[in-house]
Amino acid sequence: MLDLPLWALASKLAGKELTSVEVTQACLSRIAATDPKVGAFLRVDPEGALSAARAADASASRGPLHGVPVALKDNLLTAGVETTAGSQILAGFVPPTDATVTARLKAAGAVIVGKTNLDEFAMGSSTESSAFQKTKNPYALERTPGGSSGGSAAAVAARQVFGALGSDTGGSIRQPAALCNVVGLKPTWGRVSRSGVVAYASSLDQVGPLARSVRDAALLLQVIAGRDAHDATSADVAVPDFAATLEDGVKGLRIGLPREYFVEGMDPEVAAAIRDAAKTLEAAGATVREVSLPHTKHALAAYYVIAPAEASSNLARYDGVRFGHRAKDVKQLKDLYERSRAEGFGPEVKRRIMLGTFALSAGYHDAYYVKAQQVRTLIRRDFDQAFADVDVVLSAASPTCAWLLGEKLDDPLAMYLMDVLTLPTNLAGLPGLSVPTAKSSGGLPIGAQLIGKPFDEATLLRAARALERERTLDAWSPAL
Amino acid sequence: MISDFQPVIGLEVHAQLLTTSKLFSTAGTTFGAEPNTHTTPVCLGFPGALPVLNARVVELAIRTGLALECRVNEKSEWSRKHYFYPDSPKGYQITQYEFPICEWGGVTLELAGKRVRIRRIHIEEDAGKSVHDAADGLTLVDLNRVGTPLLEIVSEPDLRSADEAVEYLKILRDVLVSIGVNDGNLEEGSFRCDANVSVMRKGSEVYGTRCELKNLNSFRNIKLAIDTEIARHVDVLEGGGTIAQETRLFDVNRGETRSMRSKEDAQDYRYFPEPDLPLLLVTPEEIARAKATLPELPQAKRRRYVERLKLTEYDAGVLTAERGFSELFERCQAAAGVEPKKVANWFIGEVSRLLNESGVKPGEVKFSPAQFAALLMAIDAGTISQNAGKEVFGEMFHSGAEPAEVIARKGLAQVSDTGALEKVIDELIAANPPNVAAYRAGKVQVLGFFVGQVMKALKGKGNPKVINELLEQKLKG
């Protein structure tokens, strides 16, 4: 039962072949059995989940996710359930409201089983900067699941839940999806509401699904996408029926392979897997050509100015005054700020706050922040030009397979490089998706990334489905 | 010598907008509520809470821009201004920095006939309040005011004296109040002002170093603070010293300004565009709609009262001081059809007195303009005396009674019927030959005696004008 894709489970629940209570119970048992090894969950909510499951079984009204157990990254607010964003500074914080995505999942009938681990405030590529625990890759427990949505990716891969939501600021959905053999989709910026998402970098953050099949990802996106009155930047753009075009194939689809995305230091096996994916899609009727995104080499630098700049601002509210961690025995206001923040934030968060504060400071603002915004415009223009000739861009989601835990922990720059293929998409605000495409010689998952035009998630899903159909990697479950 | 120096003053006004909810949240804005009750997760800066713009604020900002003759920008931008303080829950204030909603307008000072340019008007969030409790040494924070919409109106340094500064502020306040965007209350802080003051040697074209004055909460204090600061600058410069650029606080009790923070201590606000809000777009249609609903402004109204209604500057000033009052005046004036001065006198006298006494608002009076017109016509026609008119108006004001009914019930009508009057006069002339002779001999003051006698005979209800005319005619023979 736990190996079923979400869409198949949903249909069995709808047909009353299964009850939500038994399915939820199975997930809870699976978590109890496997999570001591995987560490995907920061918090499991058995009472809440079972009570939602019972309500679902008793209820006549049927949403598209009726009774389906799912998990949420712990930077998505859940009313009445602690939400920490993986940070000590929010330990014990119980939000008064649901994030819009949480509310939409609930309204669709989903059962929220728990909150998954993440890099602190979603800042990281390995889920190791979480203040609370390290998550392991279910396919290789000594390795990272990627990050920052490593908990959500691992939970889905480990068959603990049928789907999960993550957030993606520079690759935090697609990269762990690639490393954990699951599908991960970062929607167009503005496609999904950010209301109730603990902000990292507002102009880059976007919530999206992690799931075991492309159809599952489409189903989850369908539920969470669309204009929200609580987020002024959520786009008033019609949401198409993603499932309707899913099986339409790739005949005539123009696919671009960006030459700048085959970077130095990339695992040759990963590069080969991507060229192989291109061949597979070509065989299915797509045309493949090389494209150029010439400003790609500046994306990492621009990202590590813009994202920390916004982070330094977004995290100013954690001051020990109204919620979250508050230093004890302080006499002066300055001490309250300095000590609460010094005690509450971990090293990676502090590093980014300092980077961002510096980049916005008088005298440096133009050289860093303004320059980075100019680079951002150039990167967006690169994509605009590429999309004049192709419908989607195909690349790797991560330059390597899952690396060993601790391997890059003391080398921030090496860690930052793990996002080099995903973060240009965030800078350009485009939708990106990672779909399993190969198993490495070392037995590790490799994901292919598809990048699309603004609000064209439907084409990404359709192309990913075409690849998935040929690969059948969704049947590969980890031995836990 | 202070006269060797030319003061240069620029003002920044913060005006709270009269909206029922906040700039970016649905929380209420009423003054004086229980601390921390007008708050939502947005006001409190909770994780994940996002700002959503209150459209009413934009309408009011456009209105203000037009009233102050500014250009309204079709595209403006929100920015974050960062500083750590407990009254700022997010650690930043959402404001407009590089691209404000309105630019380049101005007002004209009436005394000097001088134009004061307004450089920009932008929208921003107000901060909360820190309440320092001396008794137990605690500082408490009230976040009710957080996120209340403010307009910051920044003038060019075009003002040259404290008096000009105060006149500018009064004009500004009158405009804001008259167009319904601000309540003009300096004491409660809904209309606040910071002053940038410097001096330069007369004839110089280079401005001196400026100081920013804060804590100016009445027109009197503003004048006092600016004059004090000008004197301080002159003293320092005359003594061979230099002025340091800094922010200074006006101490009302000691009548002095003192340094609050120097330029070196100035915060680096690390402005950058607010990523949680799209650009603020205003359509030409919205601007046109605001223009169409803009009322006549106080200065224009005063000019019209003086030029068209032939009222004095003083009368025009009193009548236009409050929008409801001038509206009532104009409605009554239109209905009465007598010369405006007569209506103006009534308004400055009786109407204003009764409004003040009763606390009734001009828009809520019980009498109608038609009734007011009827009253004035009764006086004008001599049906009742001016004094009786006041008595009638008192009743109309309190009960909304018809003037004719009050006149009849109280028997206030004057005798203007010449037949009835002639009879009384003829009897008096017949009964007082010596006085008649005196009058005819040129002792015209005897007329007063006769008028008094006629009035006495008619129990005070005779029409003095008619009586005078008839008496003169008959006495002359």
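Counting restarts for each chain: residues are numbered from 1 in the order of the written sequence. Chains and ligands are labelled sequentially in the order written, the chains with letters from A and the ligands with numbers from 1. Predicted model: local features are reported for residues with pLDDT of at least 70 only, side-chain atom pairs are reported and counted for 80 or more only, and whole-chain, interface and lining totals are derived from all residues. Side-chain measures were taken over the full set of non-hydrogen atoms in the model, leaving aside hydrogen atoms and water.

J.: What is the right way to read the overall build of chain B from this model?
T.: Runs of H or I in DSSP of at least four residues are treated as helices and runs of E of at least two as strands, each being numbered from the N terminus. Within chain B one finds 15 helices and 16 strands. Throughout, radius of gyration means the C-alpha value; the globule benchmark is 2.2 Å times the number of residues raised to the power 0.38. Its C-alpha atoms give chain B a radius of gyration of 31 Å, more than 25% over the compact-globule value 23 Å for 477 residues. Over its C-alpha atoms, taken along the principal directions, chain B stretches across nearly 100 × 55 × 55 Å. Only protein chains enter the calculation, and the probe is 1.4 Å; a residue is then buried if its accessible area is under 20% of its type maximum, exposed if over 50%, and partly exposed in between. Taken over 477 residues, chain B has a buried fraction of 51%. We call two residues in contact when some of their heavy atoms are within 4.5 Å. Long-range pairs, those at least 24 residues apart, make up 68% of the contacts in chain B with a sequence separation of at least 6. Each accessible area is a Shrake-Rupley result for a 1.4 Å probe, and residues are judged covered by the shown protein chains and nothing else. Accessible surface, chain B: about 22300 Å² in total, of which carbon and sulfur atoms supply 52%.

J.: What's the story with the sheet that holds strand E5 (residues 183-186) of chain A in this structure? I'm lost.
T.: Across a sheet, strands are paired by hydrogen bonds formed along the backbone, either parallel or antiparallel in direction. Residues and elements named next belong to chain A. By the convention used here, strands pair only if DSSP detects at least 2 bridges between them. Taken in spatial order, the eleven strands of this open sheet run E1-E3-E2-E4-E6-E5-E10-E11-E9-E7-E8, and their pairing is mixed. Two strands bound the open sheet, and with one partner strand each, they are strand E1 (41-44) and strand E8 (287-291). Looking at each pair of strands side by side, their axes are set apart by 30 degrees on average, direction ignored. Comment: axis = line fitted to C-alpha atoms, over the contacting stretch for helices; angle = value between 0 and 180 degrees taken between N-to-C directions. Docked against the sheet, helix H8 (residues 268-283) engages strand E7 (254-258), E8, strand E9 (392-396), strand E10 (432-439) and strand E11 (445-452), running at close to 150 degrees with respect to E9.

J.: Looking at this structure, how should I read the environment of Gly45 of chain B?
T.: Examined against the element boundaries, Gly45 of chain B turns out to sit in the loop between strand E1 (5-16) and helix H1 (55-67). Its relative accessible area of 0% is what places Gly45 of chain B among the buried residues. Ignoring sequence-local partners within four residues, the contact set of Gly45 of chain B consists of Arg317, Arg322 and Phe323 of chain A together with Pro89 and Lys90 of chain B.

J.: Is there a simple way to explain the layout of surface pockets in this structure?
T.: In this approach a probe as big as a water molecule rolls over the atoms, and the regions it shows empty are the leftover space. A cavity here means a set of points on a 1 Å grid, drawn over the protein atoms and nothing else, where a 1.4 Å probe fits but cannot get out; a pocket is an open set with protein on both sides within 12 Å along at least five of seven lines, and a residue lines either one if it has an atom within 4 Å of a point. Grid points are joined across faces, edges and corners, and a volume is the space filled by probe spheres set on the points. Put simply, the second largest pocket is a space of about 540 Å³. Around the second largest pocket, the lining is made up of 20 residues, and of these Arg326, Leu333 and Leu336 of chain A together with Thr139 and Val141 of chain B lie nearest the centre. For the lining of the second largest pocket, the secondary structure elements donating two or more residues are helix H10 (333-344) of chain A together with strand E8 (129-133) and strand E9 (138-142) of chain B. No other element matches the four residues that E9 of chain B contributes to the lining of the second largest pocket.

J.: What should I look at first to understand the sheet that holds strand E11 (residues 191-201) of chain B in this one?
T.: All names here are of chain B. Taken in spatial order, the nine strands make up an open sheet running E2-E6-E7-E10-E1-E11-E12-E13-E14, and their pairing is mixed. Only two strands of the sheet have a single neighbouring strand rather than two, namely strand E2 (71-72) and strand E14 (256-262). In terms of strand pairing, E1 meets E11 through eleven bridges, oriented antiparallel. Across the sheet, the residue bridging to Ala15 is Phe191, located in E11. Packing of helix H3 (residues 219-238) onto the sheet brings it into contact with E1, E11, strand E12 (211-216), strand E13 (246-251) and E14, and relative to E11 it is tilted by some 25 degrees.

J.: How should I be thinking about helix H3 (residues 46-58) of chain A in this particular structure?
T.: The α-helix winds at 3.6 residues per turn, so residues separated by three or four positions along the chain end up facing the same way. Residue and element names in this part refer to chain A. To estimate the expected span of a helix, count its residues, drop one, and scale the result by 1.5 Å. Look at H3: 18 Å from first C-alpha to last across 13 residues, which is about the 18 Å you get at 1.5 Å a residue. When we look at burial in H3, the residues that qualify are Ala49, Leu50, Ala53 and Ala56. The arc that holds every buried residue of H3, seen down its axis, measures 120 degrees, which confines them to one face. Turned more than 90 degrees from where H3 packs its buried face, Glu47 and Ala58 sit exposed. It is the directions from the helix axis to the C-beta atoms whose arc is reported.

J.: Is there a simple way to think about the side chain of Glu77 of chain B in this case?
T.: Residue position: Glu77 of chain B is located in the loop between strand E3 (75-76) and strand E4 (79-82). This buried residue, Glu77 of chain B, is left without a salt bridge; Lys75 of chain B holds the nearest opposite charge, at 9.3 Å. We count Lys and Arg on the positive side and Asp and Glu on the negative side, and we leave His and both chain ends out. A pairing counts as a salt bridge when a side-chain nitrogen of Lys or Arg comes within 4 Å of a carboxyl oxygen of Asp or Glu.

J.: Sorry, what's going on with the pattern of salt bridges here?
T.: As a working rule, side chains carrying opposite charge can pair if their charged atoms are close by. The final tally for this structure, using the stated rule, is 58 salt bridges over all chains. Ionic pairing is found between Arg194 of chain A and Asp231 of chain A, a salt bridge with its closest N-O pair at 4.0 Å. With a gap of 37 residues between them, Arg194 of chain A in the loop between E5 and strand E6 (207-211) and Asp231 of chain A in the loop between helix H7 (214-224) and E7 connect regions that are remote in the sequence. Comparing Arg194 of chain A with Asp231 of chain A shows no difference in burial state: the two are buried. The closest approach of N and O atoms between Glu350 of chain B and Arg353 of chain B, which form a salt bridge, is 2.9 Å. Placement of the pair is Glu350 of chain B and Arg353 of chain B together in helix H8 (residues 340-358), with a separation of three residues, close to one helical turn. Three or more residues are tied together by salt bridges with common partners; here these are Arg194 and Asp231 of chain A together with Arg80, Glu274 and Asp276 of chain B.

J.: Help me out: how do you make sense of the domain arrangement of chain B in this one?
T.: By convention, interface size is frequently given as the accessible area that disappears when the constituent parts associate. Where each domain starts and ends comes from a domain assignment, either automatic or drawn from a database. Domain annotation for chain B reports domain 1 (2-286), domain 2 (295-410) and domain 3 (418-475). The gap between the C-alpha centroids of domain 2 of chain B and domain 3 of chain B is 35 Å.

J.: What is the right way to look at a nonpolar patch on the surface in this model?
T.: On the surface, a cluster of nonpolar side chains totalling about 280 Å² of accessible area is made up of Phe358, Tyr364 and Tyr368 of chain A. Of note, Tyr368 of chain A is situated in helix H12 (residues 366-386). Excluding any residue in a salt bridge, patches collect residues exceeding 30% relative accessible area, merging like charges within 9 Å and nonpolar Val, Leu, Ile, Met, Phe, Trp and Tyr side chains within 5 Å.

J.: I keep staring at the packing of aromatic side chains and nothing clicks. Help me out?
T.: Two numbers describe a pair of aromatic rings. These are the distance of the centres and the angle of the planes. Pairing of aromatic side chains here covers Phe, Tyr and the six-membered ring of Trp, requires ring centres within 6.5 Å, and sorts the geometry by plane angle: under 30 degrees stacked, over 60 edge-to-face, intermediate tilted. Per the stated rule, a full pass over the model turns up 29 aromatic pairs over all chains. Seen from their ring centres, Tyr303 of chain A and Tyr304 of chain A are 4.9 Å apart, and the 75 degrees between their planes marks the pair as edge-to-face. Comparing Tyr303 of chain A with Tyr304 of chain A, the two get one shared label, buried. Ring geometry for Phe329 of chain B versus Phe347 of chain B: centroids 5.5 Å apart, planes at 80 degrees, classification edge-to-face. Of this pair, Phe329 of chain B sits in helix H7 (residues 323-336) while Phe347 of chain B sits in helix H8, and the two are 18 residues apart along the sequence. Just as Phe329 of chain B is buried, Phe347 of chain B falls in that class too. Taken together, Tyr305, Phe325, Phe329, Trp346, Phe347, Phe367, Phe372, Phe393 and Phe397 of chain B form an aromatic cluster joined through their ring pairs. Comment: the charge-over-ring label is applied if NZ (Lys) or CZ (Arg) is within 6 Å of the ring centre and within 35 degrees of the ring normal. Positioned above the aromatic ring of Phe262 of chain A, the side-chain terminus of Arg275 of chain A is 4.0 Å from the ring centre.

J.: What is the right way to look at the nonpolar core in this model?
T.: The tendency in soluble globular proteins is for nonpolar side chains to be buried as a group. By nonpolar core we mean a set of buried residues, namely Ala, Val, Leu, Ile, Met, Phe, Trp, Tyr and Cys, connected to one another through side-chain atoms within 4.5 Å. With 127 residues, the main nonpolar core has Leu105, Phe121, Leu394 and Leu461 of chain A as its most contacted residues. The contact partners of Leu105 of chain A, leaving out residues within four places of it in the chain, are Leu65, Val70, Leu72, Ala110, Leu165, Leu220, Val223 and Ile224 of chain A.

J.: In this structure, what is going on with the confidence of the model for chain B? I would like to understand it.
T.: Any region with low pLDDT has predicted coordinates that should not be read closely. Looking at chain B as a whole, the pLDDT averages 88, with 98% of positions reaching at least 70. Taken together, the chains of this predicted complex give a pTM of 0.86 and an interface ipTM of 0.95. On a scale of 0 to 100, pLDDT captures the predictor's confidence in every residue.

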